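# Understanding the architecture of this molecule
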Amino acid sequence: MEYDPASIEQEWRDRWDEEGWYEVDPDEDADDVTFVTVAYPYPNGAMHTGHVRTFAVPDVYARYRRLHGDQVLYPMAWHITGTPIIGAVERLKERESEQVRILTEVYEVDEADFSELETPMGFARYFIENSYKYSMQLLGLSIDWRREFTTNDPSYREFISWQYETLHERGLLKQDTHPVNFCTNEEQPVTTHDILEGEEEEFQSYTLVKFRFGETVIPMATLRPETVRGVTNAFINPDAEYVRASVDGETWIVSARAAEKLDLQERTVEVLEPIGAAELIGESVINPITKDELPILPASFVDPSNGTGIVMSVPAHSPDDWVTLESLRTDPSQLEVHGIDSAIVEELEPIPILDIEGYGEIPAAEIVDRYGITDPDDPALEEATQELYNHEFHGGVLLEMYGEFAGEIVEEIRDTYQSQYTAAGHFDSMYDFSTPVICRCGGRVEVAEQDTWFLRYNDPDWRSKTERALEGVDVQPTNARDQYEHTIGWLEEWPCIRNYGLGTPLPWDDDFIIEPLSDSTIYMAYYTLAPHLDDDVDRALFNEIFLADDPSDRAAAMRAEFEHWYPVDVRFSANDLITNHLTFYLYHHAELFDEPLWPQGITTMGMGFLRGKSMSSSAGRVVLAHKPVERYGADTVRFFLMTSAEPWQDFDWRDDPVADTYNQLARFWRRNLELIDGPSGERELTPIDEWLLGRLNRVVESATDSMEEFEIRAATQAAFFELEDDLRWYRRRTETDRPGARWTLREVLRKRLLLLNPIIPFMTNELHERLTGEPAEVAGWPGVDDEFMDPALDAAESLRGDLVDDIQSILDVTESDPSLIRIYTAAEWKRGVLEAVIEADEPTHGEVMGRLMSEERYRHRGDQVSDMVGAIIDLVHDRSRKTFEHLMDLDEMEIIEGSASFLEREFGADIEVYSEDSATEDPADRAKHALPGRPAIHLE
RNA sequence: GCGAGGGUGGCCGAGCUAGGCCAAAGGCGGCGGGCUUAAGACCCGCUGGGGGUAGCCCCGUCGUGGGUUCGAAUCCCACCCCUCGCACCA
């Protein structure tokens, strides 16, 4: 019967579904309980093949544990917190072309269904039902769907409310301000997705150096506060608008735009009056650090929409400033129009503040010269600036004028320097972008300081608790542990709320929503309770379940279920979530639950690529999850994903290999169905049968070890391909219609189906049921049968295999077609030499010879023995030493004679076997070449 | 730039935490042969280069360069390149 995955898979899906195979309630009699979770998906689009492995890997593990008799819970839910879905709905409602294109062309949504998608929940529901859940069910994921929920469900929100109230009570949340991207038009914070221009732009914190202008402050923004001692003058844009404003009680002069920005950044700003640049040009300001009096000069390069619109000039170290001053010198008219005496510029001397290797006193002058720049508008100026700034930052050594900082590298002390003078009141700071950022609505985006709540991940107690929690986690792959440790040490305070979006409002301030990475830290616990939660649950109930000393009966029952499943045995997630979600997961578990309930294992997975490139919905570079399943079947998709890479490695989805995988499975199906439909045979075993059963045991062993380490690829490799190799040899070696062979093949198949069941559950269930009457998944994981672990059988088989290879090699070289093959086993004394080689710790020629020459029977043919020792050392070196150890126990003559009919079949020639000691026929004088384990051969 | 991981044959990938049995598992792809009316499937062989009428020999090779060692894909150092993360996208 041809392989027809569609019908087989449908049958099993129906059975699983109708009989509720994966719906599990606590069973106290279960041998062991395994709780497997995976990061719940975010259904703001369709599920594609990149997601498939994410959910299939935990399924493979869940199925593996079930075969071991565990009661396994693998649940699923939907993360819809935050803004992506809301944004998608907004863009759909506006029929934004890009959004319509992605929905129709990439996600294949019928336009007739658009109305369904025009609410956030409708949008989420659509993709949950039509894409994620549909595909997951097609794939045969062994999920207990009764526990499904979304993070926007009222009872989930109560759960999160409980979590945050608890953390709040424990002082692990704190209120503070935080800079955010803020649309000045919509007057609200915006996310990266909302940005039209400058999406890549990141705001920076500028230092404001508070120059004095009488009683007034003129703050100048800089990214290099340490250059303050090198300032010779200030630059102001003669055409820009400036204002005098009261800022936090002081009077400042800044550009009009800067005043608006400062207002957004949690400062009390009151604009007092506009002030023209002309009023300031030519005036003097006092450097707050050096107390030097410096002139304000005009410069058109000063951008009033960047920083404060007034900058300090450090000609020794800033190519821009150097070139501008030079141009003012060569063309004094630029100053004269503002009524300034050009002599001022003549008097300005660059002030070097640091030394860098490879530069002289005035690095800016040098680099400008090297680039040949004379014009302030020269585009090369930017490059020169970048180069010099880099050198100065990483290699600039501050000069003596810097007192305690003298001799230090800029990179090392900038922050300290900055904060010291900030504390002294000479510096301040503001956030700004370096280029304009525009919102989708067209409004300007600025940096606003906003009140927010933080999770205090840098709290020492919390941190150390989390470190302890990490110690108890089985991290896979093991080399990811460093990343966790590093993250725990590195996390600071995490802003955990947003202004809008789906999800749970902050319990004590419902203007805010708890953000997605913060409402997904302990939801695994929610799965355990989900079947019992209805609409009347409130946060008090969760408190009773998780914390109360004397819970109500209802809460106690729920706590019992929670504790039945908990802790999470393995959490599966993605590599890139180690630095946030997975570490947060550890933090919150460490805080909210008792140590026995802390996470036991985390396995992180690599990324998926499509034909070598990262998958991208917007670029249309995705394959929807259900497509290949519908075309090739779920087993093929699962098998492909599990054999193409280990879970933590990246995998590449390519169509051809998937089709090849289908062929592999189809072949497997056909061949094994034939075996099942044929006679069942008898347990009358010959050595070759026992050999194969021994190989099977080895595979069972190694596949089990691999599965324990989540090395699914390696396990599959062993169970499928390695056994396939052994079977190929077996078929070559023996008559497979023998009753003993039938029995053996069926036994191998039986265990093989079990080993492969977690990977390809449909086909293995079907074949196993046809073979034995029961599905593979109820039959249990196979064990090792000690009866068939005879290494001598392996040694004998490799002797035969090597012999076949050797004969083949000779045939290839000689291009002959012999009618007779003579085989000579080595003389008895040579076995003694082999023994001596094997027994030697370090088999060197000298050592072995020394040992042998003490015996008369070797001494009388010293030269021959010497040659033999060399040959045997090479031979042992060449092949596995273990093989030779077992070889000592074998009777080569018997093995080869027993293989004569096999060799005759293989080579279509008569076989004669002799011992070198008593060879009656040796026309080509070959017998003497025989070595133990490597008989001499003569073709005729 | 910082943190973490990685670079193996046409491709995917073992091996590298216990250095020698590693020209390097396995799969895929390719080539040749067998079987077949034929295609597919299946079976056998080859697949770094060169040579060989006897099972073999020579050269090169595991990002690059250097080092340790009798001996390195495996250990150490430097460099180059790639991926992920660097906090309000989830």
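Please refer to the structure placed before this passage.
Structural notes, computed from the coordinates. (Residues numbered from 1 in each chain as written. Chains lettered and ligands numbered in written order. Predicted model: local features only at pLDDT ≥ 70, side-chain atom pairs only at ≥ 80, totals over all residues. Heavy atoms only, no water.)

### Re the pattern of salt bridges
For the record, the criterion: Put simply, a salt bridge is a Lys or Arg side-chain nitrogen that is within 4 Å of an Asp or Glu carboxyl oxygen. A run of H or I in DSSP counts as a helix once it spans at least four residues, and a run of E counts as a strand once it spans at least two, with each numbered from the N terminus. Accessible area is worked out with a 1.4 Å probe on protein chains only. A residue is then buried under 20% of its type maximum, exposed over 50%, and partly exposed in between.
Within this structure, the stated rule accounts for 62 salt bridges. Of the charged contacts in the structure, one is a salt bridge between Glu118 and Arg95, with a shortest N-O distance of 2.9 Å. Residue Glu118 is located in the loop between α4 (97–106) and α5 (120–138), and its partner Arg95 is located in the loop between α3 (84–93) and α4; the two are separated by 23 residues in the primary sequence. On the basis of relative accessible area, Glu118 is assigned to the partly exposed category, the value being 24%. Take Arg95: its relative accessible area is 39%, and that puts it in the partly exposed class. Ionic pairing is found between Lys261 and Asp432, a salt bridge with its closest N-O pair at 2.8 Å. Placement of Lys261 in helix α7 (residues 256–264) and of Asp432 in strand β17 (residues 427–432) is noted, with a sequence separation of 171 residues between them. One connected set of salt bridges, linked through shared partners, spans Asp25, Asp144, Arg146, Arg147 and Glu561.

### Thoughts on the nonpolar core
The nonpolar side chains of a soluble globular protein tend to be buried with one another. This is how the line gets drawn: Throughout this description, the term nonpolar core refers to a set of buried Ala, Val, Leu, Ile, Met, Phe, Trp, Tyr and Cys residues connected via side-chain atoms within 4.5 Å. Only heavy atoms enter the contact rule, under which two residues are in contact if any of them lie within 4.5 Å.
Met136 and Trp653 are the most contacted members of the largest nonpolar core, which totals 130 residues. Contact partners of Met136, with chain neighbours within four places excluded, come to Pro41, Met47, Phe55, Met76, Trp78, Leu141, Ile143 and Trp145. Of all hydrophobic cores here, the second largest spans 61 residues; its members include Leu167, Ile497, Phe584 and Tyr587.

### Section: the packing of aromatic side chains
To be explicit about the condition: In this scheme Phe, Tyr and Trp rings, the latter by its six-membered ring, pair at centre separations within 6.5 Å, and the angle between planes marks the pair as stacked below 30 degrees, edge-to-face above 60, and tilted otherwise. In this scheme, Lys NZ or Arg CZ marks a charge over a ring once it lies within 6 Å of the ring centre and within 35 degrees of the ring normal.
The tally for this structure, following the rule as stated, stands at 56 aromatic pairs. Between Tyr824 and Tyr914 the ring centres are 5.5 Å apart and the planes differ by 20°, which places this aromatic pair in the stacked class. Of this pair, Tyr824 sits in strand β30 (residues 820–825) while Tyr914 sits in strand β31 (residues 910–915), and the two are 90 residues apart along the sequence. By relative accessible area, Tyr824 is classed as buried at 0%. Directly above the ring of Tyr389 sits Arg224, whose terminal nitrogen or CZ lies 3.7 Å from the centroid. Over the ring of Tyr402 we find Arg229, and its NZ or CZ is 5.7 Å from the ring centre.

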